[in-house]
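Here is what each chain is made of, one letter per residue.
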Amino acid sequence: MELLLVEDDPDDVYFFKRAYSSITNAPQLKIFSDGHELLHYLDSIATYDQVILLDLNMPKMSGFEVMEALKNEQVADKLITVCYTTSTHHSDIRKAYQLGAKSYITKPGRLSDLESLIKLIKQYWFDNNCVVQG
């Protein structure tokens, strides 16, 4: 399985990569700077064995627009999409789940908290979660 980070902010990507480097036996990480890149990548693969950390607030294509596209292509149910954002608005959380998000996480403000979060993501989604392939 792969971890796909969809994040347009270079500072957030830098800190995520820095925190990610502290994880042992980490899954392969791929980073996309916008939703179009992610959709293009997903169109090019045969199986959906990724966990997607999707920022909601991106200029070219918002995370909500990405999730709508995945839902329209009828692949949202095959993917593990985790909203990874700064928004704590109840309307954003509700909308994310309606569009197929499997989880909704707010971005931590400290590097140590980000490291803990990434460890939890790895432990839950990659080590403990069971998925059905095919």
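Residues numbered from 1 in each chain as written. Predicted model: local features only at pLDDT ≥ 70, side-chain atom pairs only at ≥ 80, totals over all residues. Heavy atoms only, no water.

Per an unreviewed UniProt entry, the protein chain carries the name Response regulator and comes from Pseudoalteromonas piscicida.

1. Regarding the packing of helix H1 (residues 10–20) against helix H5 (residues 111–128)
The geometry of a pair of packed helices is captured by two quantities: the angle between their axes and the separation between those axes. As a packed pair, H1 and H5 sit with axes 9 Å apart at the nearest point and diverge in direction by 60°. As judged from the angle between their axes, H1 and H5 are oblique. For the element pair H1 and H5, the recorded crossing hand is right-handed. Counting all contacts with H1, which are made through Phe15, Phe16, Arg18, Ala19 and Tyr20, the residues of H5 involved are Leu111, Leu114, Glu115 and Ile118. Classifying every residue of the contact of H1 with H5 by side-chain character gives seven nonpolar, no polar and two charged. (Axes fitted to C-alpha atoms, helices over the stretch in contact; angles between N-to-C directions. Helix = DSSP H or I, 4+ residues; strand = E, 2+ residues; numbered from the N terminus. Parallel < 35°, antiparallel > 145°, perpendicular 65-115°, else oblique. Left-handed = near helix turned anticlockwise from the far one by under 90°. Contact = heavy atoms within 4.5 Å. Nonpolar A, V, L, I, M, F, W, Y, C, P; charged D, E, K, R; others polar.)

2. Observations concerning the environment of Ala101
Structurally, Ala101 can be placed in the loop between helix H4 (90–98) and strand S5 (103–106). In the structure, Ala101 is positioned 48 residues away from Leu53 in sequence and 10.0 Å away in space, judged by C-alpha atoms. Residue contacts for Ala101: discarding those within four places in its chain leaves Met67, Thr81, Cys83 and Ala96.

3. Section: the pairing of strand S2 (residues 28–32)
Relative to S2, strand S1 (residues 2–6) is paired through five bridges, and the arrangement is parallel. Within S2, the position partnered with Glu2 by the bridge is Gln28. Between S1 and its parallel partner S2, the chain crosses via H1, and the hand of that crossover is right-handed. (Pairing = 2+ DSSP bridges. Right-handed = clockwise from strand over helix to strand, strands pointing away.)

4. Thoughts on the nonpolar core
Most often, soluble globular proteins have nonpolar side chains that are buried together. Ranked by internal contacts, the top residues of the largest apolar core, which has 25 residues, are Leu38, Leu42, Ile52 and Leu70. Setting aside its immediate chain neighbours within four residues, Ile52 contacts Leu4, Val6, Leu38, Leu42, Leu79, Ile80, Thr81 and Val82. With 18 residues, the next largest nonpolar core counts Ala19, Tyr20, Tyr84 and Trp125 among its residues. (Core = buried A, V, L, I, M, F, W, Y, C linked by side-chain atoms within 4.5 Å. Buried < 20%, exposed > 50% of the residue type's maximum accessible area, 1.4 Å probe, protein only.)

5. Concerning the UniProt feature "domain: Response regulatory" (unreviewed entry) in the protein chain
Using the residue numbers shown here, the UniProt feature "domain: Response regulatory" (unreviewed entry) corresponds to residues 2–122. Taken as a whole, residues 2–122 contains 42% helix and 21% strand, while its terminal C-alpha atoms sit 10 Å from one another. (UniProt positions renumbered as here; feature names shortened; annotations may be inferred.)

6. With respect to the UniProt feature "modified residue: 4-aspartylphosphate" (unreviewed entry) in the protein chain
Summarizing the sequence annotation, UniProt attributes the feature "modified residue: 4-aspartylphosphate" (unreviewed entry) to Asp55 in the numbering used throughout. Tracing the backbone through its elements, the reader meets Asp55 in the loop between strand S3 (50–54) and helix H3 (63–72). Beyond its immediate chain neighbours, meaning those up to four positions away, Asp55 contacts Val6, Glu7, Asp8, Gly63, Tyr84, Thr85 and Lys107.

7. Description of H5
Taking 1.5 Å of rise per residue, the 18 residues of H5 would be expected to cover 26 Å, and the 24 Å separating its terminal C-alpha atoms lies within 8% of that figure. As for H5, its buried residues are in contact with S1, H1, S3, strand S4 (80–85) and S5. (Expected span 1.5 Å × (residues − 1).)

8. A few points about the packing of aromatic side chains
Taken as a whole and assessed by the stated rule, the structure comprises five aromatic pairs. Considering the side-chain rings of Tyr14 and Phe15, the 5.1 Å spacing of their centres and the 75° angle between planes classify their relative orientation as edge-to-face. Between the aromatic rings of Tyr124 and Trp125, the centroid separation amounts to 4.7 Å while the plane-to-plane angle is 90°, which identifies the pairing as edge-to-face. Residue Trp125 is classed as buried on the basis of its relative accessible area, which comes to 11%. Taken together, the aromatic side chains of Phe16, Tyr20 and Tyr84 make up a single cluster linked through ring pairs. Looking at Lys95, its charged tip hangs above the ring of Phe64, at a distance of 4.6 Å from the centre. (Phe/Tyr/Trp six-rings, centres within 6.5 Å; stacked < 30°, edge-to-face > 60°. Lys NZ or Arg CZ within 6 Å of the ring centre and 35° of its normal.)

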